[in-house]
Amino acid sequence: MSEEERRVPGHVAIIMDGNGRWAKRRGLPRNMGHARGAQVVEQILEDADDLGIRVLTVYAFSTENWTRPQSEVTALMNLLNRYLRSSVGKCMKNNVRVRIIGDRTKLSDELVESIRNMEETTAGNTGILFQIAINYGGRDEIVRAVRAVAEDVRSGVLKPEEITEEAIAAHTDTAGEPDPDLLIRTCGDERISNFLLWQSAYTELYFTDVAWPDFTREELEKAIDAYNGRDRRFGGLKEK
Ligand code: IPE
Ligand code: IPE
Ligand code: MG
């Protein structure tokens, strides 16, 4: 499909799966797969920006990933911290705004500080929005949103009958941003694994066998081409 005829989804979300399997196939430790995966996401951010995507949301660490061996959890947290520290300059240069979604109360002080620094430094950028999900779970996010709504009711800011979809959405981690148009999951499994449950009500899903460390701009373009073949009805009737 040529660049002119391709409709580019405004918001693309990615479940970057398969780092461990990629490493295992090569006889490498799982953490080598994560390191390689971190390089790939930096490249895909540039490609997404170049293709005209406005929001890129990636799943980096789920609320369930804490159940992995401590050494792997530590390696992932270190990788995230290093990325946030080392890429501020590049994000400024490329006009990228970074936002972290998920519950940061369980993250280390050091990581929380790296997040704060990255978000504050890039807050005024007007290019692509890069959302990274860290200690993120869709159900956890809904629970936190409902709690915040309940607080508003208790304090009298909101009446129970004023609890609408908009009121709940306003308390999600992605408040103010559009829902994903396209969700990509790599490495073969076809499930959501607790990602963006609220936001993906009408998202187009795309699954590929390619493991995340092997994901390229060409694979992203393939996903966008598949998206272009979809007929989004949102519960309505097919357009003539
Ligand atoms: C995705 O790769 C990265 C995270 C979940 C943090 P995995 O680590 O899940 O890789 P596989 O699925 O075991 O191959
Ligand atoms: C989803 O992948 C989480 C991330 C990519 C961060 P998992 O590898 O944790 O998901 P399951 O366990 O296969 O469902
Ligand atoms: Mg996995």
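See the structure above.
Predicted model only: the values in this text are computed from it and were never measured.

**Topic: the pattern of salt bridges**
Phase 1: Throughout the structure, instances matching the rule amount to 29 salt bridges.
Phase 2: Here R68 makes a salt bridge to E72, at a shortest N to O gap of 2.9 Å.
Phase 3: The class for R68 is partly exposed, based on a relative accessible area of 29%.
Phase 4: Among the residues examined, E72 registers a relative accessible area of 6% and is labelled buried.

**Quick look at unusual backbone geometry**
Phase 1: Within the chain, N95 stands out as a residue other than glycine whose phi angle is a positive 60°.
Phase 2: Along the chain, N95 falls in the loop between α4 (88-93) and β3 (97-101).
Phase 3: Even without glycine at this site, L196 takes up a positive phi of about 45°.
Phase 4: Along the chain, the position of L196 falls in the loop between β5 (182-185) and β6 (204-207).

**Notes on the pairing of strand β1 (residues 11-15)**
Phase 1: With respect to burial, β1 is a largely interior element, five of its five residues being buried.
Phase 2: Pairing of β1 with strand β2 (residues 55-62) involves five bridges; the strand directions are parallel. Paired with A13 across the bridge in β2 is T57.
Phase 3: Across four bridges, the pairing between β1 and β5 is parallel. Across the sheet, residue I15 finds its bridge partner in β5, namely R185.

Criteria and thresholds
- As a convention, each chain's residues are numbered from 1 in the sequence order in which they are written.
- Working convention: letters from A go to chains and numbers from 1 go to ligands, in the order in which they are written.
- In view of the model being predicted, local features appear only for residues whose pLDDT reaches at least 70, and side-chain atom pairs are presented and counted only at 80 or more, with totals across whole chains, interfaces and linings using the full set of residues.
- Only heavy atoms go into the side-chain values, all of them from the structure, while hydrogens and water stay out.
- Put simply, a salt bridge is a Lys or Arg side-chain nitrogen that is within 4 Å of an Asp or Glu carboxyl oxygen.
- Each residue is assigned to one of three classes by its accessible area relative to the maximum for its type, calculated with a 1.4 Å probe on protein chains only: buried under 20%, partly exposed between the two thresholds, exposed over 50%.
- For helices the rule is a DSSP run of H or I covering at least 4 residues; for strands it is a run of E covering at least 2, with both sets numbered from the N terminus onward.
- One bridge is not enough; two strands pair if DSSP finds at least two bridges between them.

By themselves, these observations are geometric and do not establish any function.
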